[in-house]
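# Examining the three-dimensional arrangement
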Amino acid sequence: MSSMSRYITNVVRELPPSGIRKFFDLVTQTEGVISLGVGEPDFVTPWHIREACFYSLEKGYTMYTSNMGLLELREEIALYEQKKINVTYDPENEILVTVGVSEAVDLALRALVGPGDEVLIPEPCYVSYTPGTTLTYGKPVPLMTYEADEYRLRPDILEQAITPKSKVLILPYPTNPTGGIMKEEDLKALVDIIIKHDLIVLSDEIYSELTYEGEHVSIASFPGMKDRTVVFNGFSKAFAMTGWRIGYACGHPDIISAMNKIHQYTIMCAPIMSQQAAIEALRHGEGEMRKMVDNYNYRRKLMLSGFREIGLTCFEPRGAFYCFPSIKSSGMNSEEFCERLLQEEKVAVVPGNAFGQCGEGYIRCCYAASVSNIEEAIERMGKFLSRHKKG
Amino acid sequence: MKLEKKVLHLLERDAKLSPKTIATMLEEDEQKIIDIIKKLEDEKYILGYNTIINWERLGEDGVTAMIDVKVTPEREFGFNNVAERISRFPEVRCVYLMSGTYDLSVTVCCKTMKEIAWFVSHKLSTLEQVQSTTTHFVLKRYKQDDFLFEEPVTDKRLVVSP
């Protein structure tokens, strides 16, 4: 142990670094890479939203806002969620504006999870839920989801994992990294189990606008579920606003006020310029957003069909902007596949096991890339695969 | 016409998309897309394809002028005859009928200012319907058909992120 690391707390020292970070360093050392490894839109924030932010700065909006966020923004969020998921939230005390959904998830875990409490996390999933749980001394319990089920959470798998200590279920749909979604009937099958075992649901709906078949449905909209669900959403994915770090949580006033207690001591409030931009996005951003979604959808089909043509099996993702093909036919594990693909063909994709052990044997490929880059990357991957076909 | 419109929107953004790519993106048969594009071309919904080039960067010193033209409309034909006549000059790139203080907006591209001056004085002003012209020379192009000239579009994202 080096001289200063002995001062770091055990829980942080033992936290594994993100599997993505390791791969990031490798990619930045290579020149001329086509990257399908990003986790954000390839659009810049629509101009009218950026312009609204300049205007607010010109007018001198450079100060703190209320801890909960600008009331004007919370009112817009309430209207949006009412329309989107058909659940009514009171802007006064049921909505908290946060620094991205990442902060909101952290706040909820810290407010709800104590030592020994179990948090049920469907995997493969976004990288922060498990460490977030560990940091509150809770116990992360992975729930396997499978390609054969299109990465939906099966009720039998949920029920088997529940113990008297189970407290929170995370439902991150549409899912990064698989693009899986939960349809109305899939969610309905979970509701009785959730109520019977008195679970709280953290529903991370950041990719909800990027649903390509049917409408996004939230678990909060089922009878008896509103109070026991915290809905997270934000602006990063739908409005191409990742760098603005602006999101929110909606839920029961008791939970939101507990989250706000932590938020006020650690963050104070989300940046006012991002909040002003978010108001503009909700008021006037739908047209641009729909165009972006159509555009992702075209590229989704392009990537999916390209993978199938070069012999990769891939379930059809119906949300987010990722494909999650199986690379088992190569005989390599995920990390080896990604490292060699990068070295030999200069294509960056993310190893599936960075999103949980059951992502082993898969890779995450983001189709928020230009058409020419997607086509070029698939061609290179095709060459790579024909060189390395097992047997 | 719904599918045709989708094809047109895709081609309007990027004329280099192959029929195969378009077919995949729209989940259609490639031959069907080829037929649609041919039909749209034949029926002049697609008038042509061109390329937006930053000639200034290559040091080419062409001159562009936008000329406001007041004309006398003709019985039966209104502005159409004279507008079509002006459109036939090869140096004329765009002709629009405008509301407001003048009638036609004519965009002209030539090698030198002299050539534009000669075109205005010898060809345009001498048409009998033309009452007057006001010529504005373009000093610098910033944006054309969706493309910014100054700022090259680069991907500023981290190469790998969660």
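Residues numbered from 1 in each chain as written. Chains lettered and ligands numbered in written order. Predicted model: local features only at pLDDT ≥ 70, side-chain atom pairs only at ≥ 80, totals over all residues.

Interface size is commonly expressed as the accessible area that is lost once the parts come together. Residue and element names in this part refer to chain A. What the domain assignment lists for chain A is domain 1 (5–45 + 287–388) and domain 2 (47–284). The C-alpha-based centres of domain 1 and domain 2 are spaced at 24 Å. The partner domain 2 presents 34 residues to the 33 residues of domain 1 that form the contact. Listed by contribution, the elements that provide at least two residues to the side of domain 1 that touches domain 2 are helix 11 (286–309) and strand 9 (322–323). Looking at which element gives the most residues to the side of domain 1 that touches domain 2, the answer is helix 11, with 6 residues. A per-class count over the side of domain 1 that touches domain 2 returns 20 nonpolar, 9 polar and 4 charged. (Domains from an automatic or database assignment. Contact = placed C-beta atoms within 7 Å. Helix = DSSP H or I, 4+ residues; strand = E, 2+ residues; numbered from the N terminus. Nonpolar A, V, L, I, M, F, W, Y, C, P; charged D, E, K, R; others polar.)

All names here are of chain B. Direction vectors running N to C along helix 1 (residues 2–13) and helix 3 (residues 30–42) enclose 80°, while the axes themselves pass 10 Å from each other. Put simply, helix 1 runs roughly perpendicular to helix 3. Counted together, L3, E4, V7 and L8 of helix 1 and I33, I36, I37 and L40 of helix 3 form the full contact between these two elements. Counted by class, the contact of helix 1 with helix 3 contains 7 nonpolar, no polar and 1 charged residues. (Axes fitted to C-alpha atoms, helices over the stretch in contact; angles between N-to-C directions. Parallel < 35°, antiparallel > 145°, perpendicular 65-115°, else oblique.)

Moving on: the sheet that holds strand 5 (residues 166–171) of chain A. Residue and element names in this part refer to chain A. One open sheet accounts for 7 strands, arranged 2-8-7-6-5-3-4; its pairing is mixed. On the outer flanks of this sheet lie strand 2 (95–98) and strand 4 (139–144), each paired with one strand and no other. Sheet twist, expressed as the mean angle between neighbouring strand axes with direction ignored, is 20°. Summarising the sheet, strand 7 (residues 229–234) and strand 8 (residues 247–250) pair through 4 bridges and their orientation is antiparallel. Following the sheet pairing, F232 is matched in strand 8 by A249. Contacts from helix 4 (residues 71–85) reach strand 2, strand 7 and strand 8, with the element oriented near 115° to strand 2. Contacting strand 2, strand 7 and strand 8, helix 9 (residues 253–266) crosses the sheet at an angle of about 30° to strand 2. (Pairing = 2+ DSSP bridges.)

Another point: the environment of M25 of chain B. Here M25 of chain B lies in helix 2 (residues 19–25). For the pair M25 of chain B and A117 of chain B, spaced 92 residues apart in sequence, the C-alpha to C-alpha distance is 49 Å. Among residues more than four places away in sequence, those in contact with M25 of chain B are Y298, K301 and L302 of chain A together with L10 of chain B.

Here we take up the sheet that holds strand 12 (residues 363–366) of chain A. Residues and elements named next belong to chain A. Spatially, 9-12-11 is the arrangement adopted by the 3 strands of the open sheet, whose pairing is antiparallel. Taken across any chain shown, the strands that pair with only one partner, and hence form the sheet edges, are strand 9 and strand 11 (350–351). Inspection of the sheet shows strand 11 paired to strand 12 by 2 bridges, in the antiparallel sense. Pairing of P351 across the sheet is with I363, part of strand 12.

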